[in-house]
Amino acid sequence: MKWKKYRLKTREEAEDIIISALYDCGIEGAQIEDRAPLSEEDKARMFVDIMPDMPADDGIAYLDFYLDPEKEDVGAILAKAEQTLQELRKTCDIGEGTIEESETEDVDWINNWKQYFHQFYVDDILITPSWEEVKEEDRDKVILHIDPGTAFGTGLHETTQLCIRQLKKYIRPGMEVLDAGTGSGILGITAVKLGAGHVFGTDLDECAVPAVEDNKKANQIPSEAFEMIIGNMIDDPATRDRAGYDRYDIVTANILADILVPMTPAIVPAMKKGGIYITSGILEDQAYKVLDACRNAGLEIVEQTQQGEWVSITARKN
């Protein structure tokens with residue numbers, strides 16, 4: 001079977017947001033090629049005495065993805081991807097953002113990458129793909145069944161892990177949770193698994209709806225425990241009305257800093273007094289923007305945590 005291969009040139013810091021955007025365009029999965037230095041954890045996993053020589057990091061990243069012209073409307077998908085890239089340029093530096101086309105032949109490329117994604121832990125929470133068995137000793141853990149087809153929301157990335165750890169710290173049984181920018185639904189599902197009474201999610205892309213439904217089903221989350229709508233909390237009064245006011249004990253928002261800045265004042269009215277606002281998706285050098293936005297919206301900064309170059313800021317409505 002012949003597939004069309006596409007290579008998107010971007011910047012390392014934009015990899016995750018672009019992969020998430022590609023998924024929303026109907027592109028399920030992308031291979032990343034960059035020269036980012038290995039983390040200490042990556043080095044530990046290599047089990048070698050001498051690290052391989054790595055080329056100098058130039059900040060450039062390539063994202064390879066594949067489309068089947070016999071089964072997919074390639075033109076429509078690429079047009080949506082190009083439009084999405086143009087929108088992303090307004091909020092972050094994606095570098096060239098160019099897409100080159102070539103042709104490859106692989107009868108089962110869509111499954112071949114499964115050998116590289118295995119279950120892993122975020123502290124005592126196990127995140128596992130559907131094709132791996134849960135070991136007997138892990139059956140009493142909190143288990144999230146998430147496949148990498150949902151790209152940015154697998155839990156593997158630092159920003160998601162930062163949010164999960166903060167949810168673990170602050171959530172209590174029966175709490176109301178708002179997940180702004182739901183994506184694959186991983187944070188909402190985590191909240192329910194940790195005891196939330198109800199989760200309300202919002203997202204801008206309609207592709208989030210089936211992604212959330214698939215993951216709810218995989219995790220046996222009842223429909224009434226986690227509902228979501230398509231809508232913009234920043235500038236859509238109908239979305240804010242639907243979400244409600246003075247309602248939420250916890251709000252999660254794993255989005256870029258430049259979106260968190262205008263979103264924060266729109267989120268605060270939805271929070272109960274004493275409510276906790278958990279944010280991530282913030283590059284270290286952009287943290288000051290979100291700190292200022294929280295303070296300007298009347299929130300008290302409770303905690304700032306970091307993993308790699310990514311920051312999570314947690315604030316409280318007093």
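What counts as what
- In this convention, every chain numbers its residues from 1, walking through the sequence in written order.
- At least 70 in pLDDT is required for a residue's local features to be given in this predicted model, at least 80 for side-chain atom pairs to be given and counted, and no such filter applies to totals for whole chains, interfaces and linings, which use all residues.
- Excluding hydrogens and water, the side-chain values take into account all heavy atoms of the structure.
- The salt bridge definition used is simple: a Lys or Arg side-chain nitrogen within 4 Å of an Asp or Glu carboxyl oxygen.
- A run of DSSP states H or I qualifies as a helix once it reaches four residues; a run of E qualifies as a strand once it reaches two. Both are numbered from the N-terminal end.
- Type-normalised accessible area, obtained with a 1.4 Å probe on protein chains alone, sets the label of each residue: buried when under 20%, exposed when over 50%, and partly exposed for intermediate values.
- At least two DSSP bridges between two strands are needed for those strands to be called paired.
- Axis lines are fitted to C-alpha atoms, over the contacting stretch for helices. Their N-to-C directions set the angle, which ranges from 0 to 180 degrees.
- Definition of nonpolar core: a set of buried residues of the types Ala, Val, Leu, Ile, Met, Phe, Trp, Tyr and Cys, connected through side-chain atoms within 4.5 Å.
- Between two residues, a contact is recorded if the distance between any of their heavy atoms is within 4.5 Å.
- Side-chain rings of Phe, Tyr and Trp, where Trp is taken by its six-membered ring, are said to pair if the distance between their centres is within 6.5 Å; with planes under 30 degrees apart they count as stacked, over 60 as edge-to-face, and otherwise as tilted.
- As a per-residue measure, pLDDT reflects the predictor's confidence and takes values from 0 up to 100.
- Handedness rule for crossovers: strands pointing away from the viewer, path from the first strand over the helix to the second running clockwise, crossover right-handed.
- Here a polar contact is recorded for every N or O atom pair within 3.5 Å, except that within protein the pair must consist of a potential hydrogen donor and a potential acceptor, and residues adjacent in sequence are included only if both atoms are side-chain atoms.

Focus: the pattern of salt bridges
On inspection of all chains with the given rule, the structure shows 21 salt bridges. Residue R7 is joined to D64 by a salt bridge in which the shortest nitrogen-to-oxygen separation is 2.9 Å. Taken as a pair, R7 in strand β1 (residues 2-11) and D64 in strand β3 (residues 60-67) lie far apart in primary sequence, 57 residues in all. Residue class for D64 comes out buried when judged on its relative accessible area of 6%. As a salt-bridge pair, D258 and K289 come within 3.0 Å of each other at their nearest N and O atoms. Of this pair, D258 sits in helix α9 (residues 257-267) while K289 sits in helix α10 (residues 287-296), and the two are 31 residues apart along the sequence. A residue is classified by how much of its surface remains accessible, and D258, at 32% relative accessible area, is partly exposed. Overlapping salt bridges bring together K5, R7, E33 and D64 as one network.

Here's the deal with the sheet that holds strand β10 (residues 226-230)
A sheet is described by the order of its strands in space; here seven strands give the open sequence β10-β9-β8-β11-β12-β14-β13, paired in mixed fashion. If you trace the sheet from one side to the other, it starts and ends with β10 and β13 (299-307), each paired once. Along the sheet, successive strands turn relative to each other by an average axial angle of 15 degrees, direction set aside. Bridge count between strand β12 (residues 271-283) and strand β14 (residues 310-317): six bridges; the pairing is antiparallel. What sits directly across from L283, in β14, is W310.

A word on the nonpolar core
Inside soluble globular proteins, nonpolar side chains tend to come together where they are buried. I127, I171 and I250 are the most contacted members of the largest nonpolar core, which totals 29 residues. Contributing elements (two or more residues each) for this core: β5 (120-122), β6 (125-128), α5 (158-170), α6 (186-193), α7 (208-218), β10 and β12. For this core, the element with the highest residue contribution is α6, accounting for five residues. Sequence-distant contacts of I250, that is, excluding residues within four places in its chain, are made with L167, Y170, I171, M175, E176, V177, L178, I276 and I278. L260, V268, A270 and I282 belong to the second largest nonpolar core, which has 27 residues in total.

Describing the packing of aromatic side chains
Where two aromatic rings form a pair, the distance of their centres and the angle of their planes describe that pair. Across all of its chains, the model carries one aromatic pair by this definition. On the numbers, 5.4 Å between centres and 20 degrees between planes, the contact of Y6 with F65 is stacked. Taken together, the positions of Y6 in strand β1 and F65 in strand β3 put the pair 59 residues apart, joining distant regions of the chain. On the basis of relative accessibility, which here comes to 0%, the residue F65 falls in the buried class.

Here's the deal with the confidence of the model for the protein
With 85% of its residues at a pLDDT of at least 70, the protein reaches an overall mean of 84. Considering only residues more than four positions removed or in separate chains, one finds that residues 42-53, a stretch of pLDDT under 50, has six contacts.

Section: the pairing of strand β11 (residues 248-254)
Within β11, seven of the seven residues are buried, which leaves it mostly tucked inside the rest of the structure. Of the strand pairs in this sheet, strand β8 (residues 176-180) and β11 are connected by three bridges, and their pairing is parallel. Bridged to D179 within β11 is T252. Where β11 and β12 come together, six bridges link them in parallel fashion. Paired with I250 across the two strands is I276, which belongs to β12. This β-α-β element, β11 to α9 to β12, shows right-handed connectivity.

Section: the side chain of E303
Here E303 shows up in strand β13. A polar atom in the side chain of E303 sits 3.2 Å from the side chain of Q166. In this structure, E303 is in contact with Q166, K169, Y170, S312, I313 and T314, ignoring residues within four places of it in sequence.

Notes on the environment of R35
Relative to the helices and strands, R35 resides in the loop between β2 (31-34) and α2 (40-46). Given the relative accessible area of 38%, R35 is considered partly exposed. Once the C-alpha coordinates of R35 and E12 are considered, the two residues, 23 residues apart in sequence, prove to be 8.5 Å apart.

Focus: the side chain of T159
Of note, T159 is situated in helix α5. At a separation of 3.4 Å, a polar atom in the side chain of T159 contacts the side chain of N254.

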